[in-house]
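Observations on the model geometry
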Amino acid sequence: GQAANLALRIEDKEEQARVVAVLSGCAAAAGLGARARDLAFHALPLAMADPDFAKDQLQLMLRGVYLHPSGQMPAYEWNFSDVNPPVHAWATLFLHRTEQAMRGEADMEYLKTTFNKLVLNFTWWVNRKDRFGKNLFEGGFLGLDNIGVFDRSAPLPTGGYLEQADGTAWMALFTQNMSELAIELAAFDSDYEDMVLKFVEHFCFIAAAMNRPGGEGMWDEEDGFYYDLLRLPDGSSQRLKVRSMVGLLPLCATTVVEKWQRESIPGALSQIMRRLKRMPELLDSIHKTGPGHLGVAERGILALVSEERLRRILSKMLDENEFLSPYGIRSLSKFHQTNPFVFHVHGQEHRVDYLPAESDTGMFGGNSNWRGPVWMPVNIIILRALLNYYLYYGDSFRIECPTGSGRLMNLFEVSKEIADRLARIFTRGEDGRRPVYGGTEKFQSDPHWRDHLLFYEYFHGDNGAGLGASHQTGWTGLVAKTIQLFGLLDPEHALREGKQVAFRQDANSRKGGRK
């Protein structure tokens, strides 16, 4: 059935007017409409100005008028039943910590209500997008439009189905976010400790399925990369070897666990340790953690990607001939510029080429392209993961950045390098021109226009020019958060204080001080 059809039949005119006003304030109006995923990403830069409004935005899609009784969140107004990445829990956790740092207390009723609705949404994912209960998820396009060799939201020309590396990685991150939210709630209500156990178990089962060795897993040992797995009607399977953001997203399912977090849930921690003792094979598929494998400041870590695999993925992600653009991380590796991925089905050729600007196909309307451009939201998720890894490893993990340069960086420095490249899209270079405006002379040189920035939907993978909608202020506005974060955050202080430090620094800066 169509999810959240009730949203089309709001009878209360006052309520309808209020909802429309809220949506027009956060999602780009001018024809793009509103998307559940966008609202979550928008909430982060909105929180810099108005945390209460940002919270209201997150709760919007969880209200009864939108959330289907099954737990499905509507994707967007022209197709409620499509599927967006499950990022509401991540954004909720971010806003919770922002408010906690600013006000010295948290809105626990808001957190409890939001968490309980998100449990419904999580259950919908498990019941509807894990086809055979194997902890491997589908989801279709998942906001990445034309990134695959096939339209992932349509029946496959080969028959069969896809086990998606990005869908599975998003769900692994969802479990981590929900377990952290449950830890926050357990401080006020010990009943939530059981929910910590639930979501940590889900994470372990997802990791075991995704990292299964051999041909049944999504990890390709030869390439050192994750791929979607095509399951064919005859029972055979093959990896679709497109080097894209799909294969980078598994590293984003990474969360450090502070010592104080473990100490706050002794009952759940004891149950988790007993479960892992009975099923030690679950530990083989995740990053080493727990007793004997704690990081800086006795931090634990939940991560899909082990240290060895992280190094292999980063060697590609930080290669300027692959993912690392002068303006951030590309959505598709430049490797495919000279090595297109080609797949033949029933005499028809399907292919993926590196396209740093606009799409050359009509898939998803042809006005969106994930085959090379830089997209701000996924870059932010990558930065989050790298900073979590840094809090675990500190200076003990160093890697070449860019790959082949001989320049070794820790993961804080790598994160800052990527953030600086994202900011470079909007700043004037030595030639006085802003990459975002490309060859548009009116915006480059006219004194009435040149200092009024437009926040485009995505950016040219080679020269940083703005592409797509020019009013995507919400999620592209995330660049402001990266500038603020790295302007305030000291890496040594971060290692000492942990994941809360960025939120405290933000709160101090608002009060006019900095500690």
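Further up the page is the structure itself.
Residues numbered from 1 in each chain as written. Predicted model: local features only at pLDDT ≥ 70, side-chain atom pairs only at ≥ 80, totals over all residues. Heavy atoms only, no water.

Points about the side chain of Thr158
Our working definition: Elements are defined by DSSP. Helices are runs of H or I of four residues or more, strands are runs of E of two residues or more, and each kind is numbered from the N terminus. Any residue under 20% of the maximum accessible area for its type is buried, any over 50% is exposed, and the rest in between are partly exposed; the area is computed with a 1.4 Å probe on protein chains only. Should any heavy atoms of two residues lie within 4.5 Å, those residues are counted as being in contact.
With respect to the helices and strands, the residue Thr158 is situated in the loop between helix H5 (108-128) and strand S1 (161-163). The class of Thr158 is buried, set by a relative accessible area of 18%. Dropping the residues within four chain positions of it, Thr158 is found in contact with Phe150, Leu230, Leu232, Pro233, Phe343 and Val345.

Structural notes on unusual backbone geometry
For the bond from Cys401 to Pro402, the omega torsion is -5°, close enough to zero to count as cis. At Asn135, a residue that is not glycine, the phi angle is positive and equals roughly 65°. Examined against the element boundaries, Asn135 turns out to sit in the loop between H5 and S1. Positive phi is not limited to glycine here, since Asp145 has a value of about 40°. Its place among the elements puts Asp145 in the loop between H5 and S1. Residue classification places Asp145 among the buried positions, given a relative accessible area of 11%.

What to know about the sheet that holds strand S4 (residues 228-231)
Inclusion rule: Between any two strands, pairing holds if DSSP finds at least two bridges. For every element, the axis is a line fit to its C-alpha atoms; helices are fit only across the contacting stretch, and the angle between N-to-C directions ranges from 0 to 180 degrees.
What the three strands build is an open sheet, ordered S1-S4-S5; its pairing is antiparallel. Since the sheet does not close on itself, it has two edges, and those belong to S1 and strand S5 (237-240), each with one partner. Sheet twist, expressed as the mean angle between neighbouring strand axes with direction ignored, is 30°. Relative to S5, S4 is paired through four bridges, and the arrangement is antiparallel. From the neighbouring strand, Leu229 faces S5, where its bridge partner is Arg239.

Re the packing of helix H4 (residues 88-103) against H5
Note the threshold: Throughout, the term roughly parallel applies to angles under 35 degrees, roughly antiparallel to angles over 145, roughly perpendicular to angles from 65 to 115, and oblique to all others. Polar here means any residue outside two lists: the nonpolar Ala, Val, Leu, Ile, Met, Phe, Trp, Tyr, Cys and Pro, and the charged Asp, Glu, Lys and Arg; Gly therefore counts as polar.
Put simply, H4 and H5 touch, their axes get as near as 11 Å, and they point 170° apart. With respect to H5, the element H4 is oriented roughly antiparallel. The segment H4 lies against H5, with His88, Ala89, Thr92 and His96 engaging Met108, Leu111, Thr114 and Leu118. Along the lines of polarity and charge, the residues of the contact of H4 with H5 split into four nonpolar, four polar and no charged.

Notes on the nonpolar core
To be explicit about the condition: Among buried residues, the Ala, Val, Leu, Ile, Met, Phe, Trp, Tyr and Cys ones that are joined through side-chain atoms within 4.5 Å form a nonpolar core.
Residues Leu314, Met317 and Leu411 are the most contacted members of the largest nonpolar core, which totals 141 residues. The contact partners of Leu314, leaving out residues within four places of it in the chain, are Leu251, Leu386, Phe397, Ile399, Thr403 and Leu411. Among the nonpolar cores identified, the runner-up in size contains 13 residues, and Leu156, Val242, Leu332 and Val345 belong to it.

Concerning H5
To be explicit about the condition: A helix's residues, less one, multiplied by 1.5 Å, set its expected span.
Along its 21 residues, H5 runs 30 Å from first to last C-alpha, staying within 8% of the 30 Å computed at 1.5 Å per residue. Looking only at H5, the buried set comprises Met108, Tyr110, Leu111, Thr114, Phe115, Leu118, Val119, Asn121, Phe122, Trp124 and Trp125. As for H5, its buried residues are in contact with helix H3 (51-60), H4, helix H6 (165-186) and helix H7 (193-210).

Thoughts on the pattern of salt bridges
Here is the rule: Only one rule defines a salt bridge in this text: a Lys or Arg side-chain nitrogen within 4 Å of an Asp or Glu carboxyl oxygen.
Taken as a whole, this structure holds 36 salt bridges when the rule is applied. A salt bridge links Asp38 to Arg37; its shortest N-O distance comes to 3.4 Å. The same class applies to Asp38 as to Arg37, namely buried. A salt bridge links Arg239 to Asp220; the shortest N-O distance between them is 3.2 Å. In this pair, Arg239 sits in strand S5 while Asp220 sits in strand S2 (residues 219-220), placing the two residues 19 residues apart along the sequence. Classification of Asp220 by relative accessible area gives buried; the value is 4%. A cluster of three or more residues bridged by salt bridges with shared partners is formed by Asp52, Lys55, Glu99, Arg103 and Asp107.

Comments concerning the environment of His287
Mapped onto the fold, His287 is located in the loop between helix H10 (266-278) and strand S7 (300-303). Given a relative accessible area of 5%, His287 falls into the buried group. Sequence separation between His287 and Pro491 is 204 residues, and the spatial gap between their C-alpha atoms is 23 Å. Among residues more than four places away in sequence, those in contact with His287 are Ile301, Ala303, Val305, Ser306, Glu307, Tyr389, Tyr392 and Tyr393.

Regarding the packing of aromatic side chains
What counts, and what does not: Classification of ring pairs uses Phe, Tyr and Trp, with its six-membered ring standing for Trp, and accepts pairs whose centres are within 6.5 Å; under 30 degrees between planes counts as stacked, over 60 as edge-to-face, and the remaining range as tilted. Only when the NZ of Lys or the CZ of Arg is both within 6 Å of the ring centre and within 35 degrees of the ring normal is a charge said to sit over the ring.
One pass over the full model with this rule turns up 25 aromatic pairs. Taking the centre distance of 5.9 Å and the plane angle of 75° together, the rings of Trp375 and Trp475 count as edge-to-face. Separated by 100 residues along the polypeptide, Trp375 in the loop between strand S11 (348-352) and helix H12 (376-393) and Trp475 in helix H15 (residues 473-476) bring together distant segments of the chain. We note that Trp375, like Trp475, is buried. Here Tyr389 and Tyr393 contribute two aromatic rings whose centre-to-centre distance is 6.3 Å and whose plane-to-plane angle is 20°, an arrangement assigned as stacked. Taken as a pair, Tyr389 and Tyr393 lie in helix H12 at a separation of four residues, close to a single helical turn. Each member of the pair Tyr389 and Tyr393 is classed as buried. Aromatic ring contacts, followed pair by pair, group Phe41, Trp90, Trp370, Trp375, Tyr458 and Trp475 into a single cluster. The ring centre of Phe335 lies 3.9 Å from the NZ or CZ of Arg243, which sits over that ring. Lying across the ring of Phe397, Arg311 places its NZ or CZ 3.9 Å from the centre.

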